[in-house]
Amino acid sequence: MPDTFQTDHLLYYERFKAYQDYMLGDCKTSEVEAFTAEYLEKIVEPCDWQAIWHTDVFDVLVEVVEVDCKELKAKVELVLPMESESRGCDLTEESMKALLEATLHKVPLLELSVVYDESGDFDQTALALEHLRFFYKHIWRKWDEEDEDDDFDYFVRCVEPRLRLYYDILEDRVPAGLVAEYHSTLALCSEKFQEFSSLRSGLDSDSESEQDNVSMVEGLRLYEQLEALKRKLRIFENPLLRYVLGYKVNSGQQSCRAKGPRLAGGRVVHLVSASATVYQLQSLITDKLMPHYSSEEFEVQFHSDPVLAVNACFEGDVVIVCPGLYSITSSISIVDSIEVEGYGLPDEVVIEKRNKGDAFVESTGANVRLSNLKFIQHDAIEGILCVRQGKLEMENCVMQCETTGVIVRSAAQLGMNMCDLYGSKGAGVEIYPGSICSLVGNGIHHCKEGILIKDFADELDAMPKITMVNNVIHNNQGYGVILVKPGDAAVEDLPAEPNAAGRERNAASPHHAFGLPVSNLLQTTKLVKCFAGEVCPAIKHGHSVSPDFAEGNDLIKQELVATSAKKHRLQKNRMKALGAMQADENLLSQEMFISIHGNQFKHNGKGSFGTFLY
């Protein structure tokens, strides 16, 4: 068979420009057919070009003698001697001529691929047929022409979001589970539309028979199902709605409900190993299994994939990953209280992930532990680890990031000890309001920012509890630690303390932060921007500050305490605005528990600590 033009490799912007500028423009849904025909009449050669007629059962070489752009068909003649390829059938010249005569020699343009010609005369024809074929295969829906929003631009409303979704899926930017759900929803919607159309065409509007009444009720039911499916498809096709409403279902959170303990009791040790020598098994039994898991409640199961091992776990199970390199394409979602540990050094137990769309590790279990593992991301768009809820303890792990690093969501707990994290294009660790984060003895380096503390100054946000001890934060592009918070204007607008009695009661409060009474902190009338390399003035309570306070641990403490004071004042003012005669200091003096000392900050691009005001 002769070669054809290869046009299926076009980029997003090439198809976008073709549909927007040449094929569809600003047409309405009802005008798509007319605009498409006009585009083909301008671009496609009317005759005298060869093409391969592709069907499910054969490919055959034909010559186009006439093009009907309105019907999207071409009149063709068989090229003799016949050149063809058949799949599961015997194809002869006589049978092909008979088939063409039965179809009046007309075949769909969508089934024609232009034969390559060095002259360049048919380049645009091949490209136009590719745009036509792609449009009706991936963009157009059978129910579009019945859309009630016919007054709106079809390209903006339908073509652009569907085209973007197609390329997001092609480039692995959508979670695999969401892709599967999208395709199944699309297929189900097509099926329901076909049922609805068939039922509607068989109805007689003037008939009052019982059968027609039953069919009408069935038609209304199908119509409601069809509309629900169409709404779901619009969520998939809208990038923002897809992320907000649909993403959480298929990004590792679909199994948020923990299994709990086994009904029959007992616990399982899941051994993960692609292969192992007899000596390795003997060492594993001697060093690990016999000392810790030799009681009758434990049994052993074997796996070759760490994802399958984690998915098979119930509460209290243990996953032991033997040395080796494990490549996975789906996310590791931990929903039960389990332990996952590598048998050996982290560099010997490596789990790498190559699928862009899914998260790497997501933890929602009440008490999860990871140790002695190395995680490597490739071409990712999601963070390497996210603690969404529950508690996660990590020890002696290595994380080679691609996008963001470790994310600690509100109400979640993270204990990260003796770990090494690097390569994040965002922050190495992101700490959300209301979370508990303990970082001890870690290395966080070669990221855009070392540690990012999300804004917790809003009166509705719970205070985070942060421990940072003996970490080495170095060679990051921006700051070692950065705090995101509102601008100072919001604090300047706050009223001063109301009276001396209130201040005296504050002074009597037992709550302190870094040895400073909360009452003193509450006299702050303006937060001071503190950036690394600057001598930061003291919070305005008369306390002098040495120049050394402008760098490192003390600078972080000072800024967090000032923000804590701001939140305290916002809470009290809000309660008074709601009508409370006198705010309860026992409720409002909730402080941030912070232990920050012994950390080393080296060679960070903008210094050890900074604030980002918004």
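No experiment lies behind these values; they were computed from the predicted model shown.

**Regarding the overall build of the protein chain**
Within the protein chain, the secondary structure is distributed over 15 helices and 34 strands. For the protein chain, the residues scored as buried account for 47% of the 614 residues in total. Nonlocal contacts in the protein chain, meaning residues at least 24 apart in sequence, comprise 66% of its contacts between residues at least 6 apart. When the accessible surface of the protein chain is totalled, it reaches about 30,000 Å², and 52% of it is carbon and sulfur.

**Brief notes about the pairing of strand β7 (residues 267–272)**
Taking burial as the measure, the six residues of β7 include five buried ones, the bulk of the element. In this structure, β7 lies alongside strand β8 (residues 298–303), joined through six bridges in parallel fashion. Looking at the pairing, Val269 lines up with Val300 of β8. With helix α9 (residues 278–292) bridging β7 and its parallel neighbour β8, the resulting β-α-β unit is right-handed. Here β7 runs beside strand β9 (residues 318–321); their pairing, made up of four bridges, is parallel. Across the sheet, the residue bridging to Val272 is Val321, located in β9.

**Focus on the pairing of strand β1 (residues 49–54)**
Taken together, the six bridges between β1 and strand β2 (residues 58–68) define a ladder with antiparallel strand orientation. Following the sheet pairing, Ile52 is matched in β2 by Leu61. With antiparallel pairing between neighbouring strands as the criterion, β1 and β2 make up a hairpin whose turn holds three residues. In terms of strand pairing, β1 meets strand β6 (residues 112–114) through three bridges, oriented antiparallel. By the bridge assignment, Ala51 is partnered in β6 with Val114.

**Details of the packing of aromatic side chains**
This structure, assessed with the given rule, holds 18 aromatic pairs. Relative to Trp140, the ring of Phe135 lies with its centre 6.1 Å away and its plane at 40°, an arrangement referred to as tilted. Across the pair, Trp140 and Phe135 agree in class, each one buried. Between Trp140 and Tyr154, the aromatic rings sit 5.8 Å apart at their centres with planes inclined by 55°, giving tilted as the arrangement. With Trp140 in the loop between α4 (123–139) and α5 (154–170) and Tyr154 in helix α5, the pair connects residues that are 14 residues apart, well separated along the chain.

**Focus: the sheet that holds strand β28 (residues 472–474)**
Across the sheet, which stays open at both edges, the eight strands sit in the order β10-β13-β16-β19-β22-β25-β28-β33 with parallel pairing between neighbours. A strand with exactly one partner marks an edge of an open sheet, and here the two such strands are β10 (324–328) and β33 (600–602). Across the sheet, the mean angle from the axis of one strand to that of its neighbour is 10°, orientation sign disregarded. When strand β25 (residues 443–445) meets β28, the two strands line up parallel, connected through three bridges. By the bridge assignment for β28, His445 is matched with His474.

**As for the packing of helix α1 (residues 12–23) against α5**
Orientation of α1 relative to α5, taken along the N-to-C sense of each, is 165°, at an axis distance of 11 Å. Judged on the interaxial angle alone, α5 and α1 are roughly antiparallel. Crossing hand, α1 versus α5: right-handed. Residues Tyr12, Arg15, Phe16, Tyr19 and Gln20 of α1 pack against Phe155, Val159, Glu160, Leu163, Arg164 and Tyr167 of α5. In the contact of α1 with α5, the residues fall into seven nonpolar, one polar and three charged.

**What to know about the nonpolar core**
Within the largest apolar cluster, 65 residues are counted, with the highest numbers of intra-cluster contacts made by Met399, Leu414 and Ile451. Of the residues forming this core, the biggest block, four residues, is contributed by β9. Discounting residues that sit within four places of it in the chain, Ile451 has contacts with Val429, Ile431, Leu439, Ile444, Met468, Ile473, Gly480, Val481 and Ile482. Counting 46 residues, the second-largest nonpolar core is a separate cluster that includes Ala37, Val60, Val114 and Leu163.

**Structural notes on the sheet that holds strand β34 (residues 607–613)**
Strand order in the open sheet formed by eight strands is β11-β14-β17-β20-β23-β26-β29-β34, with parallel pairing between adjacent strands. The sheet is open, and its two borders are formed by β11 (332–334) and β34, each paired with just one other strand. Neighbouring strand axes in the sheet, compared pairwise and without regard to direction, differ in orientation by 15° on average. As defined by bridge partners, β11 adjoins strand β14 (residues 361–363) across three bridges and the pair is classed as parallel. Bridged to Ser333 within β14 is Glu362.

**Examining α5**
For α5, which comprises 17 residues, the first-to-last C-alpha distance of 23 Å matches the rise-based estimate of 24 Å (1.5 Å per residue) to within 8%. When α5 is considered as a whole, its buried residues turn out to be Tyr154, Phe155, Cys158, Val159, Pro161, Arg162, Leu163, Leu165, Tyr167, Asp168 and Ile169. A side-chain oxygen of the first residue of α5 lies 2.9 Å from the backbone nitrogen of Phe155; this N-cap is Asp153.

**A closer look at the side chain of Asp317**
You can see Asp317 is positioned in the loop between α10 (306–311) and β9. Here Arg262 takes part through its side chain, which lies 2.8 Å from a polar atom of the side chain of Asp317. Discounting residues that sit within four places of it in the chain, Asp317 has contacts with Arg262, Arg267, Val268, His270, Ala312, Ser337, Ile338 and Glu339.

**Details of the confidence of the model for the protein chain**
Interpreting fine coordinate detail is not advised for predicted regions of low pLDDT. Taken residue by residue, the protein chain gives an average pLDDT of 80. The fraction at 70 or more is 78%. Across residues 489–550, where pLDDT falls below 50, the model places 113 contacts with residues more than four positions away in sequence or in other chains.

**Remarks on the packing of α4 against α5**
Packing of α4 against α5 leaves a shortest axis separation of 10 Å and a crossing angle of 85°. As far as their axial angle goes, α5 and α4 are roughly perpendicular. The segment α4 lies against α5, with Phe134, Phe135, His138 and Ile139 engaging Tyr154, Val159, Arg162, Leu163 and Tyr166.

**Considerations on the environment of Thr403**
Note on placement: Thr403 falls in the loop between β19 (398–400) and β20 (406–408). Accessibility expressed as a relative area gives 15% for Thr403, which makes it buried. The sequence separation of Thr403 and Asp379 amounts to 24 residues, and the corresponding C-alpha distance is 8.4 Å. Excluding its chain neighbours within four sequence positions, the residues that come into contact with Thr403 are Gln377, Ala380, Ile381, Glu382, Gly383, Ser424, Lys425 and Gly426.

**Looking at the pattern of salt bridges**
Overall, the coordinates contain 24 salt bridges when judged by the stated rule. Two residues, Arg164 and Glu171, come together in a salt bridge whose shortest N-O distance is 3.9 Å. According to the relative accessible area criterion, Arg164 is partly exposed, its value standing at 25%.

**Digging into α9**
When the terminal C-alpha atoms of α9 are compared, their 20 Å separation across 15 residues agrees well with the 21 Å that a helix rising 1.5 Å per residue should span. Along its length, α9 reaches its greatest deviation from straightness, about 40°, at Ile285. Every buried residue belonging to α9 is among Ser283, Leu284, Lys288 and Leu289, and all of these are buried. On its buried face, α9 sits against β7, β9 and β12 (339–342).

Conventions adopted
Residues numbered from 1 in each chain as written. Predicted model: local features only at pLDDT ≥ 70, side-chain atom pairs only at ≥ 80, totals over all residues. Heavy atoms only, no water. Helix = DSSP H or I, 4+ residues; strand = E, 2+ residues; numbered from the N terminus. Buried < 20%, exposed > 50% of the residue type's maximum accessible area, 1.4 Å probe, protein only. Contact = heavy atoms within 4.5 Å. Areas by Shrake-Rupley, 256 points an atom, 1.4 Å probe, with all protein chains shown as cover. Pairing = 2+ DSSP bridges. Right-handed = clockwise from strand over helix to strand, strands pointing away. Phe/Tyr/Trp six-rings, centres within 6.5 Å; stacked < 30°, edge-to-face > 60°. Axes fitted to C-alpha atoms, helices over the stretch in contact; angles between N-to-C directions. Parallel < 35°, antiparallel > 145°, perpendicular 65-115°, else oblique. Left-handed = near helix turned anticlockwise from the far one by under 90°. Nonpolar A, V, L, I, M, F, W, Y, C, P; charged D, E, K, R; others polar. Core = buried A, V, L, I, M, F, W, Y, C linked by side-chain atoms within 4.5 Å. Expected span 1.5 Å × (residues − 1). Polar contact = N/O pair within 3.5 Å; in protein donor to acceptor, adjacent residues only side chain to side chain. pLDDT = per-residue confidence, 0-100. Salt bridge = Lys/Arg side-chain N within 4 Å of Asp/Glu carboxyl O. Bend = angle between axes of the 7 residues up to and from the residue.

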